[in-house]
Amino acid sequence: MTDEMMSLQALLEKSSDTDLLREMIGFAAHRLMELEVESLTGAAHGERSADRITHRNGYRDRDWETRAGTVELRIPKLQGRGRSNRHRRCR
């Protein structure tokens, strides 16, 4: 988890508040998706476990339009499962 943490100083050096907000939204969304995938697979990323239900199968890229601007997301894919309703794009 420490590899994924952004240093506060690096965030504060961003050029505007909008950039800071966009980075925070992206970081929070990424962490929430990782936690959800961990619960769906039964193991953390790279962890070997007998309780594992399924495996990760890469990521798909998606741009998320927010009021703060476009946030680039990497949405985890799972092997052997169709798209979950939680990961479908709202129409």
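In this text the structure is predicted, and so the values were computed from the model without any measurement.

(A) The nonpolar core, seen in detail. Of all hydrophobic cores here, the largest spans five residues; its members are Ala29, Met33, Val71, Leu73 and Ile75. Broken down by element, the residue count for this core peaks at three residues, all from strand β2 (residues 69-78).

(B) Molecular detail of the packing of aromatic side chains. Inspection of the entire model under this criterion finds zero aromatic pairs. Cation over ring: Arg74 sits above Tyr59, and NZ or CZ is 4.2 Å from the ring centre.

(C) Seen up close, the pattern of salt bridges. Counted under the stated rule, the structure contains three salt bridges. Salt-bridge contacts for Asp19 lead to Arg22; the nearest nitrogen and oxygen are separated by 2.4 Å. Of this pair, Asp19 and Arg22 both sit in helix α2 (residues 17-41), three residues apart, which is roughly one turn of the helix. Under the relative-accessibility criterion, Asp19 is labelled partly exposed at 21%. For Arg22, a relative accessible area of 24% gives the class partly exposed. Asp61 is paired through a salt bridge with Arg74; the nearest N and O atoms lie 3.9 Å apart. In this pair, Asp61 is assigned in strand β1 (residues 56-66) and Arg74 in strand β2, connecting sequence segments 13 residues apart. For Arg74, a relative accessible area of 48% puts it in the partly exposed group.

About the cut-offs
- Residues numbered from 1 in each chain as written.
- Predicted model: local features only at pLDDT ≥ 70, side-chain atom pairs only at ≥ 80, totals over all residues.
- Heavy atoms only, no water.
- Core = buried A, V, L, I, M, F, W, Y, C linked by side-chain atoms within 4.5 Å.
- Buried < 20%, exposed > 50% of the residue type's maximum accessible area, 1.4 Å probe, protein only.
- Helix = DSSP H or I, 4+ residues; strand = E, 2+ residues; numbered from the N terminus.
- Phe/Tyr/Trp six-rings, centres within 6.5 Å; stacked < 30°, edge-to-face > 60°.
- Lys NZ or Arg CZ within 6 Å of the ring centre and 35° of its normal.
- Salt bridge = Lys/Arg side-chain N within 4 Å of Asp/Glu carboxyl O.

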